[in-house]
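# Notes for the structure review
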Amino acid sequence: MAANPHDQQAINKLLKYKNRREGKPLSIAVSKQAMAEQYVIINQQAQNFYQRFLPGPYTVISQLRVNSQIDQRVASEFGTLGIRIPDYPLMLKLIEHLGHGITATSANASNKKRPYRIKDVLNNISEKQKQLIDLIIDVGQLAKNEPSVVIDTSLSTPLSMRGQLRTNDKFIEFNSQSESETQGLAMRLILKNLNNLKKQGLLFGLSGELGVGKTIFAKGAAKFLKIKEEITSPTYTYLNEYTYQKGTLQGIFYHLDAWKIDQEQEFSLLKVDQLLKANNILLIEWWDKIANFLPDNLKKQAIILDLSGQDNWRKIKLWEKTKK
Amino acid sequence: MGKDKKMILAAKKTILAIDTSCDDTSVAVLEGNRVLANVVASQTAIHQQYGGVFPTLAKQAHQENIEACVQLALQRAGLSNKLKIRDHIDAVAVTVGPGLAPALEVGIKHAKKLAKQWQLPIIAINHIEAHALSPLLSPKTKRQNREIDFPVLALVISGGHSEFILIKQIGNYQRLGWTVDDSAGECLDKVGRMLDLGYPAGAILEKLAKKGNPNLWSLPLAMTSVDNFNLSFSGLKTASSQLINQVKKQKQLDGQTVCDLAATVQQQVFSQIIYKLERILFSPDLSKKVYPKAQLIKKIKQQKTKAAVTDINEIWLGGGVAANITLRTSIRQTLKTYQKLSGKKIKLHLPYHKKFCADNAAMIALTAQFSSEQSKNTNAQLIDRQANLKIGTFCQAC
């Protein structure tokens, strides 16, 4: 679904078409790296991906340029923007002809099946949505390609937001220079797992000594969920709960501090298995102290982070599948 | 000071209030600001074995205790054998937040039940506002009320909260500063736990600190470089943990060393509160949130610059940590210094008894005295728990 990202009216129409996005950002297709550089700041990490994978089915997310002159609603809420260079001559020529990028989101209505021909789209949208489309280019049946792999290069280490980067690493490691990287990681991980959140809820397990930024991470999660209350450490009372509403998404954010918990019997008093359900997020600090008390099905779905460091540097190891 | 700044406590309603915000079940009956009864069922024995408050256990204990607390409060207020409670009590008040959600729920449910049974209005109360107003409580025997000289600066320092609140009038509040991470009480409790002091670690730490030397080690003073009145105790918690580990490596943690460590950490917590209090007092304009720089304060103290005279006429101290004598002494000392430099005398007011520093329902009933007719909610269904309520941002039900 292509729209001119510089044109406010075009973006109005696009967002109306793709309703209920709950903070999922759009991306932009360009014809070459030079054009991408008008929109985003391409760092070394991003440069590597551009060289290795583009043009091709990859979206590379970078920091948005302040003077990019696009409608701000195209960018993510963290001030980043995804860029694609498609490997499809018609698209490239179209972009070249226009002289600027176009939005590169899929044409399916949210939560509907992935379309490979125009009929798939038209059968699944309303009359109102149809009226928003100005031009349809029908090239017949498309090859059944997977959607693009999305890589965020705006943190200290590339983070895949959709699809898998081919890598043998069991975990990825971030070197955080500031609280904003720790918070940014929390926000991106929720965004990445939005579908899981809606289906079964999200479980984060954080370990690391006092003062390495576990509560900072929790604050980042709360920020993403648009929770306005101050997130404070719940050591004394173990478990804090905050209701959140982000767009049409609403649920409860539970912040659990297991620092004082030594025994399974104590942990069972928290009735953790009853907290995790669709739309709820449970974040557990001092994960290593209680991981063994959790039922296997919960343990398996946990996103685990191990924080360390001192003074001005922090290291964050991330396991998206359960650590052994 | 103009007459309009004064307010006489004229409210004379009789109110029964319930507070179940954390680990104590409390029910009180007040006539005006006079405490006729204040019953507290402590859960310390339940939580002692774990060293913290489990929300599920707290909820259960509240459920078991609440009706007995109501009966005892009515009895102590001389109302237990009255046929028509409605003729003797004007309203039921209840804490709706902030606090532990499952615990709050019990009090709210019971308050609704009583209000329905007695056909009385129900008033939703903010727990922090109640702590802020707690110095206005007065004993049953005292008939004379004092005047208040607004604006008042309230310090609420407790296990769950650390806030500076400017009270322009009762009901008109400006949050000047608050903790951005751990509360003062939480920090003291956590350090107490690191030193294996038992439960409640914060209170034990205070006792040990009295016997300790606070000047053997130095810890960093947080939030000195930021231009606001906020507090942060998370860094201190980390620094304390490092210090304790470092000391442990050097020697056995004997009794005296534990006392010295307790004194060091406590002093640092209070230093930060005093540091920000000074900044508030020396601020030339609080309504515009002007934050005086450290250098200005230094010059004022060296008497090279004259101190701006603050609008604040009284300071009220509430919350569990307010019972701490060392903190009280430090605040008094600060006010004395301020008087010397600015010529203005500011008086410190405290709850008349230490028990009203801790969570209690008397302060809830007191706060309800000031709620306007409109805020009395006859549609009790609207009242719900608001676990993370702030002062100034008022409950939806009010």
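These numbers come from a predicted model, not from an experiment. (Residues numbered from 1 in each chain as written. Chains lettered and ligands numbered in written order. Predicted model: local features only at pLDDT ≥ 70, side-chain atom pairs only at ≥ 80, totals over all residues.)

### Observations concerning the overall build of chain A
Of the regular secondary structure elements, chain A holds 12 helices and 14 strands. Against the globule reference of 20 Å for 324 residues, chain A gives a C-alpha radius of gyration of 21 Å, in line with a compact fold. If you line up chain A on its principal axes, its C-alpha atoms span 65 × 40 × 35 Å. The buried share among the 324 residues of chain A stands at 41%. Partitioning the contacts of chain A with sequence separation of at least 6, the portion at a separation of at least 24 is 65%. (Helix = DSSP H or I, 4+ residues; strand = E, 2+ residues; numbered from the N terminus. Rg over C-alpha atoms; globule rule 2.2 N^0.38 Å. Buried ≥ 20, exposed ≤ 12 C-beta atoms within 10 Å, placed from the backbone. Contact = placed C-beta atoms within 7 Å.)

### Quick word on the overall build of chain B
Each helix and strand counted, chain B has 11 helices and 13 strands in total. Its C-alpha atoms give chain B a radius of gyration of 22 Å, within 12% of the compact-globule value 21 Å for 398 residues. In terms of principal-axis extent, the alpha carbons of chain B reach across some 65 × 55 × 35 Å. For chain B, with 398 residues in total, the buried portion stands at 53%. Long-range pairs, those at least 24 residues apart, make up 75% of the contacts in chain B with a sequence separation of at least 6.

### With respect to the sheet that holds strand β12 (residues 314-318) of chain B
Residue and element names in this part refer to chain B. Overall, mixed pairing links the 5 strands, which are arranged β11-β10-β9-β12-β13 in an open sheet. Strand pairing shows two members of the sheet lacking a second neighbour, β11 (172-178) and β13 (347-349), which therefore form its edges. Strand-to-strand twist across the sheet, computed as the mean angle between neighbouring axes with direction ignored, equals 25 degrees. Two strands pair when backbone bridges link them, and strand β10 (residues 162-169) and β11 are joined in this way by 6 bridges, in the antiparallel orientation. (Pairing = 2+ DSSP bridges. Axes fitted to C-alpha atoms, helices over the stretch in contact; angles between N-to-C directions.)

### Points about the packing of helix α5 (residues 184-194) of chain B against helix α6 (residues 201-209) of chain B
All names here are of chain B. In contact at an axis separation of 7 Å, α5 and α6 are set at 80 degrees when each is read in the N-to-C sense. Put simply, α5 runs roughly perpendicular to α6. For the pair α5 and α6, the contacting residues are G185, L188, D189, V191, G192 and R193 in the first and A201, G202, I204 and L205 in the second. For the contact of α5 with α6, the class distribution of residues is 5 nonpolar, 3 polar and 2 charged. (Parallel < 35°, antiparallel > 145°, perpendicular 65-115°, else oblique. Nonpolar A, V, L, I, M, F, W, Y, C, P; charged D, E, K, R; others polar.)

### Here's the deal with the pairing of strand β6 (residues 149-152) of chain A
Residues and elements named next belong to chain A. In this structure, strand β3 (residues 58-64) lies alongside β6, joined through 4 bridges in parallel fashion. Looking at β6, one finds that I61 is bridged to D152. Here β6 runs beside strand β7 (residues 159-162); their pairing, made up of 3 bridges, is antiparallel. In the sheet register, I151 faces β7, and the bridge partner there is S160. What sits between the antiparallel neighbours β6 and β7 is a turn of 6 residues.

### Comments concerning helix α3 (residues 44-53) of chain A
Side chains that are three or four residues apart share a direction in an α-helix, a result of its 3.6 residues per turn. All names here are of chain A. For α3, the complete set of buried residues consists of A46, F49 and Y50. Take α3 and look down its axis: the buried residues cluster within an arc of 100 degrees, on one side only. Those residues of α3 that are exposed and aimed more than 90 degrees away from the buried face are Q44, Q51 and R52. Next to the buried residues of α3 lie α2 (33-36), β3 and β6. (Arc of directions from axis to C-beta.)

### Examining the domain arrangement of chain B
Residue and element names in this part refer to chain B. Structurally, chain B comprises domain 1 (3-137 + 355-382) and domain 2 (150-349). Computed over C-alpha atoms, the centres of domain 1 and domain 2 are 29 Å apart. Taken together, the contact between domain 1 and domain 2 spans 16 residues of the former and 22 residues of the latter. (Domains from an automatic or database assignment.)

### Concerning the interface of chain B and chain A
Counting residues at the interface gives 28 residues for chain B, matched by 19 residues for chain A. Looking at the side of chain B that touches chain A residue by residue, the class counts come to 10 nonpolar, 11 polar and 7 charged.

### Focus on helix α3 (residues 101-118) of chain B
Taking 1.5 Å of rise per residue, 18 residues should cover 26 Å, and α3 of chain B covers 26 Å from first to last C-alpha, within 8% of that figure. All of the buried residues in α3 of chain B are A101, P102, A103, L104, E105, V106, G107, I108, H110, A111, L114 and A115 of chain B. Packed against the buried residues of α3 of chain B are β10 (239-246) of chain A together with β2 (14-19), α2 (55-76), β5 (91-97) and β6 (122-126) of chain B. Taken from the residues just after α3 of chain B, Q119 of chain B is the one with a positive phi, measuring 55 degrees. (Expected span 1.5 Å × (residues − 1).)

### Comments concerning the domain arrangement of chain A
All names here are of chain A. Here chain A is partitioned into domain 1 (8-150) and domain 2 (168-319). For domain 1 and domain 2, the distance between their C-alpha centroids amounts to 31 Å. Listed per partner, the contact involves 5 residues of domain 1 and 8 residues of domain 2.

### Structural notes on the environment of F164 of chain B
Residue and element names in this part refer to chain B. Relative to the elements of secondary structure, F164 occurs in strand β10. Along the primary structure F164 and D196 are separated by 32 residues, whereas in three dimensions their C-alpha atoms are 31 Å apart. Apart from residues lying up to four places away in sequence, F164 is in contact with L153, L155, L176, G177, F229, K276 and I280.

### Some points on the nonpolar core
Grouped together as the largest cluster of nonpolar side chains are 209 residues, with contacts concentrated most on A221 of chain A together with A17, A28, A73, A93, V94 and A365 of chain B. In terms of residue count, helix α8 (residues 255-282) of chain B provides more of this core than any other element does, 13 residues in total. Aside from chain neighbours lying at most four places away, what touches A93 of chain B is I15, A17, I123, I125, I364, A365 and A368 of chain B. (Core = buried A, V, L, I, M, F, W, Y, C linked by C-beta atoms within 7 Å.)

### Side note on the confidence of the model for chain B
Residues and elements named next belong to chain B. For chain B, per-residue confidence averages 87 on the pLDDT scale, and 92% of positions sit at 70 or higher. Across residues 1-5, confidence stays below pLDDT 50; counting only partners more than four residues off in sequence or on other chains, it has 4 contacts. In this model residues 393-398 is a low-confidence stretch, pLDDT under 50, and it forms 13 contacts with partners more than four residues away in sequence or in other chains. (pLDDT = per-residue confidence, 0-100.)

### Points about the packing of helix α7 (residues 234-250) of chain B against α8 of chain B
All names here are of chain B. Across the interface, α7 lies against α8 with an axial gap of 11 Å and an inter-helix angle of 160 degrees. The orientation of α7 relative to α8 falls into the category roughly antiparallel. Between α7 and α8 lies a crossing whose hand is right-handed. For the pair α7 and α8, contact is made by L236, S240, I244 and V247 and by T257, L261, V265, Q268 and V269, respectively. Of the residues contributing to the contact of α7 with α8, the split by class is 6 nonpolar, 3 polar and no charged. (Left-handed = near helix turned anticlockwise from the far one by under 90°.)

### Details of the sheet that holds strand β13 (residues 302-310) of chain A
Residues and elements named next belong to chain A. A sheet is described by the order of its strands in space; here 7 strands give the open sequence β8-β14-β13-β9-β12-β11-β10, paired in mixed fashion. Strand pairing shows two members of the sheet lacking a second neighbour, β8 (172-176) and β10, which therefore form its edges. Taken pair by pair, the neighbouring strands of this sheet meet at an average axis angle of 20 degrees, ignoring direction. Here strand β9 (residues 202-207) pairs with strand β12 (residues 281-285) via 5 bridges, running parallel. Following the sheet pairing, F204 is matched in β12 by L283. Against the sheet, helix α7 (residues 179-192) makes contact with β8, β9, β13 and β14 (313-319), and its axis sits at roughly 140 degrees relative to β8, the strand it touches most.

### A closer look at the environment of K300 of chain A
Note on placement: K300 of chain A falls in helix α12 (residues 296-300). Taking the C-alpha atoms as reference, K300 of chain A lies 21 Å from K214 of chain A; in sequence the two are 86 residues apart.

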